[in-house]
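Analysis of the macromolecular model
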Amino acid sequence: MGKWADGTGTLALGAVEIPLEVAASYRARRRGLLGRDGIAGALLITRTNSVHTFGMRFPIDVAYLDGSFTVRSVVTMRPGRLGMIRPRGRHVLEAEAGAMAGWGLEPGVRVRVDLTEAPTRAA
């Protein structure tokens, strides 16, 4: 994909489709899932290779993706943690803890991102 923008879409893993939010702007990437009590689906933070959970209210699954959207690693992070930098990581998927195992998301799986709504501009 070319230039990224904040928006929504779907994350496709074979026949499974998951609602997706995209955080591409500095502001949206910085905010992430902070201040929320959960998420229906997943959040794609694009152009990053590490995350933290400082200020989070719930544990999350984190999948590090390379440039071709292949999962490099999946970890579960409790609130108040700093994730390791993944040198080959280009994108990060976040979801509620346990969700990714239910979707079959594991290292080596390639995902597809379909943007279904027109991207919104960062406020």
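The preceding data block contains the structure.
Now for a description of the structure that goes with this document. Residues take numbers from 1 onward in each chain, read along the sequence in its written order. Two thresholds apply to this predicted model, a pLDDT of at least 70 for residue-level local features and 80 or more for giving and counting side-chain atom pairs, whereas whole-chain, interface and lining totals are computed over all residues. Side-chain metrics rest on all non-hydrogen atoms present in the structure, leaving aside hydrogens and water.

1. Overview of the overall build of the chain
Our working definition: Secondary structure is summarised from DSSP: a helix means a run of H or I of at least four residues, a strand means a run of E of at least two, and numbering begins at the N terminus for each. All radius of gyration figures rest on C-alpha atoms, and the globule criterion is 2.2 Å times the number of residues raised to 0.38. Working definition: with a 1.4 Å probe on protein chains only, accessible area under 20% of the residue-type maximum means buried, over 50% means exposed, and in between means partly exposed. The contact definition used throughout considers only heavy atoms, calling two residues in contact when any of these lie within 4.5 Å. Shrake-Rupley sampling with a 1.4 Å probe provides the accessible areas, and residues are treated as covered by the protein chains on show and by no other component. Charge assignment in this entry is limited to Lys and Arg as positive and Asp and Glu as negative, and neither His nor the chain termini are counted. Positions of charges follow a simple convention, taking NZ of Lys, CZ of Arg, CG of Asp or CD of Glu.
Counting secondary structure elements, the chain contains two helices and seven strands. Scanning the chain from its N terminus toward the C terminus, one meets helices and strands in the order β-β-α-β-β-β-β-α-β. Against the globule reference of 14 Å for 123 residues, the chain gives a C-alpha radius of gyration of 13 Å, in line with a compact fold. The buried share among the 123 residues of the chain stands at 44%. Within the chain, counting contacts between residues at least 6 apart in sequence, those at least 24 apart form 59% of the total. For the chain, the accessible area works out to roughly 6,700 Å², and carbon and sulfur atoms hold 51% of it. Put simply, the chain has 17 plus and 11 minus side-chain charges, and the middle of one group is 10 Å from the middle of the other.

2. Section: the side chain of Asp 66
Note the cut-off: A pairing counts as a salt bridge when a side-chain nitrogen of Lys or Arg comes within 4 Å of a carboxyl oxygen of Asp or Glu.
Note on placement: Asp 66 falls in the loop between β4 (60–65) and β5 (71–77). Although buried, Asp 66 forms no salt bridge, and the nearest oppositely charged side chain, Arg 72, lies 4.3 Å from it. Excluding residues that lie within four positions of it along the chain, Asp 66 makes contacts with Arg 72, Arg 88, Arg 90 and His 91.

3. Topic: the pattern of salt bridges
Taken as a whole, this structure holds three salt bridges when the rule is applied. Salt-bridge contacts for Arg 36 lead to Glu 21; the nearest nitrogen and oxygen are separated by 2.7 Å. Placement of the pair is Arg 36 in the loop between α1 (26–31) and β3 (42–46) and Glu 21 in strand β2 (residues 16–23), with a sequence separation of 15 residues. When the shortest N-O distance is used, the salt bridge between Arg 112 and Asp 114 registers 3.0 Å. Residue classification places Arg 112 among the partly exposed positions, given a relative accessible area of 44%. When its relative accessible area of 25% is taken as the criterion, Asp 114 is described as partly exposed.

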